[in-house]
2 protein chains.
Amino acid sequence: MKQVLKKTHKFVIVAIDVVIFAIKDGILQVLLIKPKQPVFKKSWALPGGMVMPKESVDDAVKRHLFQKAGVSNVHLEQLYTFGSVNRDPFGRVVSVAHFALIPPDKRINLKTTEAYADIKWLRADNLPSLAYDHKEIIMTALERLRSKLAYTNIVYSLLPEQFTMSQMQQVYEVILDRKLDKRNFQKKIKVLNLIKKVGRQKRGEPNRPAELFTFISKKSQTVDVL
Amino acid sequence: MKQVLKKTHKFVIVAIDVVIFAIKDGILQVLLIKPKQPVFKKSWALPGGMVMPKESVDDAVKRHLFQKAGVSNVHLEQLYTFGSVNRDPFGRVVSVAHFALIPPDKRINLKTTEAYADIKWLRADNLPSLAYDHKEIIMTALERLRSKLAYTNIVYSLLPEQFTMSQMQQVYEVILDRKLDKRNFQKKIKVLNLIKKVGRQKRGEPNRPAELFTFISKKSQTVDVL
DNA sequence: ACAAAAGTGTTGGATTTACACCCATGA
DNA sequence: TCATGGGTGTAAATCCAACACTTTTGT
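Residues numbered from 1 in each chain as written. Chains lettered and ligands numbered in written order. Predicted model: local features only at pLDDT ≥ 70, side-chain atom pairs only at ≥ 80, totals over all residues. Heavy atoms only, no water.

**Student:** How should I be thinking about the domain arrangement of chain A in this particular structure?
**Tutor:** How big an interface is tends to be expressed through the accessible area that disappears when the partners come together. Residues and elements named next belong to chain A. What the domain assignment reports for chain A is domain 1 (2-137) and domain 2 (154-215). Computed over C-alpha atoms only, the centres of domain 1 and domain 2 are separated by 31 Å. Domain 1 puts twelve residues into the contact, and the matching count from domain 2 is ten residues. Across the domain 1 to domain 2 interface the summed buried area is about 870 Å²; carbon plus sulfur atoms make up 74%. On the surface where domain 1 and domain 2 come into contact, there are zero salt bridges. Summed over the shared surface of domain 1 and domain 2, the result is zero residue pairs in polar contact (both at pLDDT 80 or more). Listed by contribution, the elements that provide at least two residues to the side of domain 1 that touches domain 2 are strand S1 (13-24), strand S2 (27-35) and strand S5 (93-102). (Domains from an automatic or database assignment. Contact = heavy atoms within 4.5 Å. Buried area = accessible area lost by both parts, 1.4 Å probe. Salt bridge = Lys/Arg side-chain N within 4 Å of Asp/Glu carboxyl O. Polar contact = N/O pair within 3.5 Å; in protein donor to acceptor, adjacent residues only side chain to side chain. Helix = DSSP H or I, 4+ residues; strand = E, 2+ residues; numbered from the N terminus.)

Printed below as a string of structure tokens:
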């Protein structure tokens, strides 16, 4: 199919790609697949695929996300549409890039069965060689993620249901790649009224147990965090 | 052609739309066309059109902008991609919406000759009934414009080559729809070092002549304006 | 007892807001 | 001379950044 497209070059195909982020072990990770095409044998690529005529772009993203990562009901956001003529060697494909945020305790179900050879989490700070313009897409997603951390409450999409203040601060530190002051951070978060104590503590570590918090609401809103 | 698409419903067409803003007479205006299709006889619509197989999305926007408004070399920015299934009654069309900013002294050349009956500037604060999902697109563009005024220097794209401080302040007031304090505004702008006095004044009005300024650089940059 | 992370306030500096009068011009 | 918008500074309030010690636990 795609080969035909290349030859005729008569249509513009609409596809989607998703940059899926999660923080695991204090490291920002991106979910990538290993394409089977020989051209990209040495590269990794973003999960994605075509938009079908009878599904919306949003639905296409959800479908591919579920088909490839077995995940649904996560923060999902349109990023940018990449539309240069030669971005895909197999045809004229315009891709509506998105990004997704997955909390670390989310059950996911990676499926290697389909058109790609492998799928796994890779560090965002040490990316392998990437197919298509996917490097650029990931960089754009990272930028967006960084800026949205500062003026929205999306951090809730990267935290488990219950979390400590340090965990929350760590999300900021990992993504922004700088240390924050503990007292100032907690002061700012407190005044925003986004989270509340659950009344239990995280025990079992060889140090003072930390209070557990949870988000009062998980609606996206713009708030001045940093 | 479009009718065929509707029946077969086999392909997704990629199009672009542009929300073209300018401030004229202290009013924020949007450039709209009057479609010829009977369905939209009573509506206005955004200028736009298909992306051809051999042109990039960016090039398609520039082409349509030139074909419809006779304008080139203006601030142009991708906004959002609208991809719901039924947004266009004539077929499955995904539209990559953009916005453009045009300075008031820019020569433009509106062309009513083509597939639409009329083209003209309409007030953004009192929009007519709009075709497709173009109301939503304009609202999204307005939001984006408002937020970018605050953290970038794009205001230069809405001002003539030489301008007074009051003119600049007016751009902010019109778009943000609130009054600003003259002294505080000038203080903030001054510290950003974006503009310089040209050394002449705007005479001819029955009041004290105003200093004229110009932008030191017309590169987009993010700066904390407000 | 010790190591490790949790919790918790204050101060100085920077930034932001509010606010009013005189000036230069054209009519 | 009058009406109009242009140009200009200061003081109070708020916000932000820097900074260190005590607590609680597991081993």
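That covers the picture; the talk isn't over yet.
**Student:** I keep staring at the interface of chain B and chain A and nothing clicks. Help me out?
**Tutor:** Every contact between the two is made by 21 residues of chain B and, on the other side, 21 residues of chain A. Between chain B and chain A, roughly 1,800 Å² of surface is buried when both sides are summed, and carbon and sulfur atoms account for 62% of that area. On the chain B side of the interface with chain A, the three residues burying the most area are Val 12, Pro 53 and Gln 78 of chain B, jointly 29% of the side's total. The interface formed by chain B and chain A includes zero salt bridges.

**Student:** Would you mind going over the pairing of strand S4 (residues 75-82) of chain B with me for this structure?
**Tutor:** Moving residue by residue along a regular strand, the side chains alternate between the two faces of the sheet. All names here are of chain B. Among the eight residues that make up S4, six are buried, leaving the element largely enclosed by the rest of the structure. When S4 meets strand S5 (residues 93-102), the two strands line up antiparallel, connected through seven bridges. Across the sheet, the residue bridging to Phe 82 is Ser 95, located in S5. (Buried < 20%, exposed > 50% of the residue type's maximum accessible area, 1.4 Å probe, protein only. Pairing = 2+ DSSP bridges.)

**Student:** Would you take a moment to explain the protein's contact with DNA strand D for this structure?
**Tutor:** Among the 22 residues in the neighbourhood of DNA strand D, the closest are listed as Ser 166, Lys 182, Asn 207, Arg 208 and Glu 211 of chain B. Taken together, the sugar and phosphate atoms account for 41% of what DNA strand D places within 4 Å of the protein. Residue Asn 207 of chain A places a main-chain N or O atom 3.3 Å away from a base oxygen belonging to DNA strand D. Here a sugar or linking oxygen of DNA strand D sits 3.0 Å away from a polar atom, N or O, in the side chain of Asn 207 of chain B. Breaking the surface near DNA strand D down by element, the ones donating at least two residues are helix H5 (182-192) of chain A together with helix H5 (182-192) and strand S8 (210-215) of chain B. (Near = heavy atom within 4 Å.)

**Student:** Sorry, what's going on with the nonpolar core here?
**Tutor:** The nonpolar side chains of a soluble globular protein tend to be buried, and buried together. Ranked by internal contacts, the top residues of the largest apolar core, which has 54 residues, are Ile 16 and Ile 20 of chain A together with Ile 16 and Ile 20 of chain B. With residues near it in sequence (within four places) discarded, Ile 16 of chain A still touches Pro 47, Gly 48, Gly 49, Val 51, Val 57, Ala 60, Val 61, His 64, Ser 95, Val 96 and His 98 of chain A. (Core = buried A, V, L, I, M, F, W, Y, C linked by side-chain atoms within 4.5 Å.)

**Student:** Help me understand the packing of aromatic side chains in this model?
**Tutor:** By convention here, two paired aromatic rings are described through the distance between centres and the angle between planes. Residue and element names in this part refer to chain B. Scanning all chains against the criterion turns up 15 aromatic pairs over all chains. Considering the side-chain rings of Phe 40 and Phe 90, the 6.3 Å spacing of their centres and the 85° angle between planes classify their relative orientation as edge-to-face. One end of the pair, Phe 40, is in the loop between strand S2 (27-35) and strand S3 (48-50); the other, Phe 90, is in the loop between S4 and S5, with 50 residues separating them in the sequence. Where Tyr 80 meets Phe 82, the ring centres are 5.2 Å apart and the plane angle is 65°; that geometry is what we call edge-to-face. Residue classification places Tyr 80 among the partly exposed residues on the basis of a relative accessible area of 30%. Cation over ring: Lys 111 sits above Phe 66, and NZ or CZ is 4.7 Å from the ring centre. (Phe/Tyr/Trp six-rings, centres within 6.5 Å; stacked < 30°, edge-to-face > 60°. Lys NZ or Arg CZ within 6 Å of the ring centre and 35° of its normal.)

**Student:** For this particular structure, what's the right way to read the pattern of salt bridges?
**Tutor:** Should the charged atoms of two oppositely charged side chains come close, the side chains can pair. Per the stated rule, a full pass over the model turns up 17 salt bridges over all chains. The salt bridge involving Glu 161 of chain A is made with Lys 218 of chain A; its shortest N-O contact spans 3.2 Å. Pair noted here: Glu 161 of chain A is in the loop between helix H3 (134-151) and helix H4 (165-176) and Lys 218 of chain A is in the segment after strand S8 (210-215), with a separation of 57 residues, a long-range link. A relative accessible area of 41% places Lys 218 of chain A in the partly exposed class. Residue Lys 148 of chain B pairs with Glu 77 of chain B through a salt bridge whose shortest N-O separation is 2.9 Å. Here the residue Lys 148 of chain B occupies a position in helix H3 (residues 134-151), and Glu 77 of chain B occupies one in strand S4, the gap between them amounting to 71 residues. Look at Lys 148 of chain B and you get buried, because its relative accessible area is 17%. Overall, Glu 77 of chain B belongs to the buried group, its relative accessible area being 10%. Members of the salt-bridge network, linked through shared partners, are Asp 17, Arg 87 and Asp 133 of chain A.

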